[in-house]
Amino acid sequence: MATHRIGKILIQTNLDSGELHFLRLPKDISDDHVVLMDSTVSTGAAAMMAVRVLLVGGDTPGPQELRVQTTRCGRIMLVSLLMAELGMHSVAFPRVKTITTAVDKGPDHLLHVSPGTGDFGTFR
């Protein structure tokens, strides 16, 4: 019987940069297939940073406990409900598979997917 392991990556992005705030992954994901989920991808900055964390985990800046065994690029699948065209083209890892339900024109001045859903996390 197959087992499914769950990890979490929290990356906070703003107009200027992105920052890794939290990382908890299973001990060794080097042979695992990884489904990376992001509800909306506007610029692609957070998605690219998350992929980098998965690929080069041991070289990721931060506390020692954040360092992990990494996976291979061809085993990562990015899944998103909604992506902006900019984000879709910005995820610059050709072997990372991308799945989304829709692609909208682009991010607005607040970096929300437009027309899209706005800030996905604010819905109640």
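The rules behind the values
Residues numbered from 1 in each chain as written. Predicted model: local features only at pLDDT ≥ 70, side-chain atom pairs only at ≥ 80, totals over all residues. Heavy atoms only, no water. Pairing = 2+ DSSP bridges. Helix = DSSP H or I, 4+ residues; strand = E, 2+ residues; numbered from the N terminus. Core = buried A, V, L, I, M, F, W, Y, C linked by side-chain atoms within 4.5 Å. Buried < 20%, exposed > 50% of the residue type's maximum accessible area, 1.4 Å probe, protein only. Salt bridge = Lys/Arg side-chain N within 4 Å of Asp/Glu carboxyl O. Contact = heavy atoms within 4.5 Å.

Enquirer: Account for the sheet that holds strand E8 (residues 103–104), naming residues and giving values.
Expert: Pairing is parallel in the open sheet, where three strands are placed in the order E4-E6-E8. Unpaired on one side and paired on the other, strand E4 (40–41) and E8 mark the two borders of the sheet. The pairing of E4 with strand E6 (residues 82–84) spans two bridges and is parallel. Paired with Val41 across the bridge in E6 is Met83.

Enquirer: So what about the nonpolar core? Which residues, and what values?
Expert: The biggest cluster of nonpolar side chains holds 21 residues, and the ones touching the most others in it are Leu36, Val51, Leu54, Ile76, Leu78, Phe93 and Val96. Every element with two or more residues in this core is listed here: strand E2 (18–24), strand E3 (34–37), helix H1 (45–56) and strand E5 (76–80). When residues of this core are assigned to their parent elements, the largest contribution, six residues, is made by H1.

Enquirer: Give me the lowdown on the pattern of salt bridges, citing residues and values where you can.
Expert: One pass over the structure, following the stated rule, counts two salt bridges. A salt bridge links Asp32 to Arg5; the shortest N-O distance between them is 2.2 Å. Of this pair, Asp32 sits in the loop between E2 and E3 while Arg5 sits in the segment before strand E1 (8–13); the two residues are 27 residues apart in sequence, bridging distant segments of the chain. Arg5 gets classed as partly exposed once you look at its relative accessible area, which sits at 45%. Between Lys105 and Glu85 there is a salt bridge, and its shortest N-O distance comes to 3.9 Å. Of this pair, Lys105 sits in the loop between E8 and strand E9 (106–107) while Glu85 sits in helix H2 (residues 85–90); the two residues are 20 residues apart in sequence, bridging distant segments of the chain. Taking relative accessible area as the criterion, Lys105 reaches 65% and is therefore assigned exposed.

Enquirer: Can you tell me about the environment of Thr40, naming the residues and giving the values?
Expert: Mapped onto the secondary structure, Thr40 falls in strand E4. Note on Thr40: relative accessible area 19%, which makes it buried.

Enquirer: How would you explain the environment of His21 if you had to name every residue and give the values?
Expert: For His21, the location among the structural elements is in strand E2. The sequence separation of His21 and Ile9 amounts to twelve residues, and the corresponding C-alpha distance is 7.8 Å. Aside from chain neighbours lying at most four places away, what touches His21 is Leu10 and Gln12.

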